[in-house]
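Chain by chain, the residues:
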Amino acid sequence: MDNAKPIVSIRGLAKTYAGGHQALKGIDLDIREGEILALLGPNGAGKTTLISLICGLVSPSAGTVTVAGHDIIKDYRKTRELIGLVPQELTLGAFEKVGNTVLFSRGLYGKAPNAAFIDDLLAELSLSDKKDNMVQQLSGGMKRRVLIAKALSHEPRVLFLDEPTAGVDVELRKDMWAIVERLRQSGVTIILTTHYIEEAEEIADRVGVISGGELLELEDKSTLMAKLGKKQLVIELKNAVDTVPEQLSEYGLELSANGSKLTYTFDARQERTGMTALLTSLSQAGLAVKDLNTSQSSLEDIFVDIVKADA
Amino acid sequence: MNTEAVKAIYRAEMRRTRNTLLQSIATPVISTALYFVVFGSAIGSRIQSVNDVPYGAFIVPGLMMLSILTQSISNASFGIFFPKFTGTIYEVMSAPISFLEILLGYVGAAATKSMILGVLILITATFFVDLRIAHPFWMLSFFLLTCISFSLFGFIIGLWADNFEKLQLIPSLVITPLVFLGGSFYSIDMLPEFWQKVSLFNPVLYLISGFRWSFFEVSDVSMGFSLAMILLFLLTCIVVVGVMFRTGYKLKP
């Protein structure tokens, strides 16, 4: 996977807006062809600015971006043809029919109308019966589907989904992941931004963490979780205690469930996890163990850790 | 050249006109008919003729100009302002399309609408007055040049405006007075000498004058000068739009 040539290559990309706000502070990033990359970050982290720069909506202050080897400014026609964008906001002209607005998008990208393709696309997004409806009559979820149809109307090779599931119902989310999966199988590269970590966890191959205009982490999802994953050992006691005994203070245990549960947090990366020592100490302290349970931290916890450490 | 994109924008804009047919076409035609009734018949019946042209006919070129100018500006400015306002402009800005192509799509559609409108007004006018067009070629040239250059001007306003008030500001505070004071309804000979001089600073006067000459061979200023003025205006608009696009003015942060 590491040898795969990047479809999008970003070097030293920075953006300072006219008001002086520095949205991106020199991003280096290679996006591999055919992967699903999730960009995680809090609001205002610079995720949308990054996407906007690649798509040509914002001019960079410094740095370069190439898509399939073409510079996004010098060869903008070549790069933009390859890119589809689903924006975060539900931005749709109100007075247009669904079918027309999707055809319009296809035309903008220089593709001749292809009624059969558009019909299939609308069907896949459960929009067939809405083809002649005015966009303004649609619900929020339906509008989101139209935006996806528009972004896919010119058969892009790279698809950007900016916060794709904000305000989306379960059904659409399911449909959307089905489409993402189908696109991935056809070789389309997908970059999505989100602050729903489950989303990244569910579908991404790699996860990048952006905060304060910087790319803090970029790892294969599993590596990231292994690298930074904390594990927790939950110890259920036979008899509840009021306080954590003095001789166990070095383990930083947390007491919960009315004194019947002790939680020990340790770093899964360490060779010595301290678990054996803890269990020995427990018996020395005279605490009888009823049950043991370990759990790995989720991406969410990892993400919070990274962003906090940077703050 | 991304001709599909130009076609897509052009078609979408023309579709917008069809959807708002009443507002885009019927309103100006009705208001023009009203001008004919009020100025042409009611008041015009008391004015025998201006420079040997019956008053009812005399005002036709002015009325056409009045509508073409205001409608070109409002069509083109709204055409680009609305996507900016709703945010749908993102799609145009991220598409593999050059500024020239964007311009061709939007301004082309706005100019087309003005042409349709101008023709409709001309047809409406024939119901009220006898018309002759002395120089059809020049009439058409002035007509087309005005539609295109003022659509371009409207496009600039649409780019510049960041709210609805600004969108209306120039059409209502600048263009309408200039058209009314540019001899739509009179010859500047009819003004006191001082105001004749002032009128010469009104660029719209040259448009109307040249356009009227192509109908009746009477004009306030020479036809060549009129043509030069409209070409100068067109050139200025092209330069301004060029600069706006090059710098990404209000479109690309």
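These figures come from a predicted structure and were not determined experimentally.

K.L.:
Help me understand empty space enclosed by the protein, please; the structure alone is not making it clear to me.
P.N.:
Unoccupied space between atoms shows up once a probe the size of one water molecule is rolled over them. Counted by the stated rule, this structure contains three cavities of 30 Å³ or more. Counted as a void, the largest cavity has a volume near 50 Å³. Lining the largest cavity are Leu 85, Tyr 109, Lys 150, Ala 151 and His 154 of chain A together with Tyr 90, Glu 91 and Ser 94 of chain B. Of all the secondary structure elements, the ones that give two or more residues to the lining of the largest cavity are α5 (140-152) of chain A together with α4 (89-93) of chain B.

K.L.:
Explain the interface of chain B and chain A here, please?
P.N.:
It is common to give the size of an interface as the accessible area lost on bringing the parts into contact. With 26 residues of chain B at the interface, the matching set in chain A holds 31 residues. Broken down residue by residue, the surface that chain B buries against chain A is led by Tyr 90, Glu 91 and Pro 96 of chain B, which jointly contribute 27%. Counting every contact that joins chain B to chain A gives three salt bridges. Here Arg 15 of chain B makes a salt bridge to Glu 96 of chain A, at a shortest N to O gap of 3.4 Å. Run the count over chain B and chain A and you get 10 residue pairs in polar contact (both at pLDDT 80 or more). In terms of residue count, the dominant contributor to the side of chain B that touches chain A is helix α1 (residues 3-19) of chain B (seven residues). Grouping the constituent residues of the side of chain B that touches chain A by class yields 14 nonpolar, seven polar and five charged.

K.L.:
Before we go on, may I ask you to explain the nonpolar core in this structure?
P.N.:
Soluble globular proteins tend to pack their nonpolar side chains together in the buried interior. Counting residues in hydrophobic clusters, the biggest one holds 148 residues, and the most contacted among them are Leu 50 of chain A together with Met 64 and Phe 155 of chain B. Top element by residues in this core is helix α3 (residues 55-86) of chain B. It accounts for 14 residues. Looking at this core, you find at least three residues from each of domain 1 (6-226) and domain 2 (230-310) of chain A. Sequence-distant contacts of Leu 50 of chain A, that is, excluding residues within four places in its chain, are made with Ile 10, Leu 13, Leu 24, Ile 27, Leu 29, Leu 39 and Ile 210 of chain A. Grouped together as the second largest cluster of nonpolar side chains are 13 residues, Leu 253, Tyr 264, Leu 278 and Leu 282 of chain A included.

Scoring rules and cut-offs
Residues numbered from 1 in each chain as written. Chains lettered and ligands numbered in written order. Predicted model: local features only at pLDDT ≥ 70, side-chain atom pairs only at ≥ 80, totals over all residues. Heavy atoms only, no water. 1 Å grid on protein atoms, 1.4 Å probe; cavity = no way out; pocket = protein on both sides within 12 Å on 5 of 7 lines; lining within 4 Å. Points joined across faces, edges and corners; volume = space filled by probe spheres on them. Helix = DSSP H or I, 4+ residues; strand = E, 2+ residues; numbered from the N terminus. Contact = heavy atoms within 4.5 Å. Buried area = accessible area lost by both parts, 1.4 Å probe. Salt bridge = Lys/Arg side-chain N within 4 Å of Asp/Glu carboxyl O. Polar contact = N/O pair within 3.5 Å; in protein donor to acceptor, adjacent residues only side chain to side chain. Nonpolar A, V, L, I, M, F, W, Y, C, P; charged D, E, K, R; others polar. Core = buried A, V, L, I, M, F, W, Y, C linked by side-chain atoms within 4.5 Å. Buried < 20%, exposed > 50% of the residue type's maximum accessible area, 1.4 Å probe, protein only. Domains from an automatic or database assignment.

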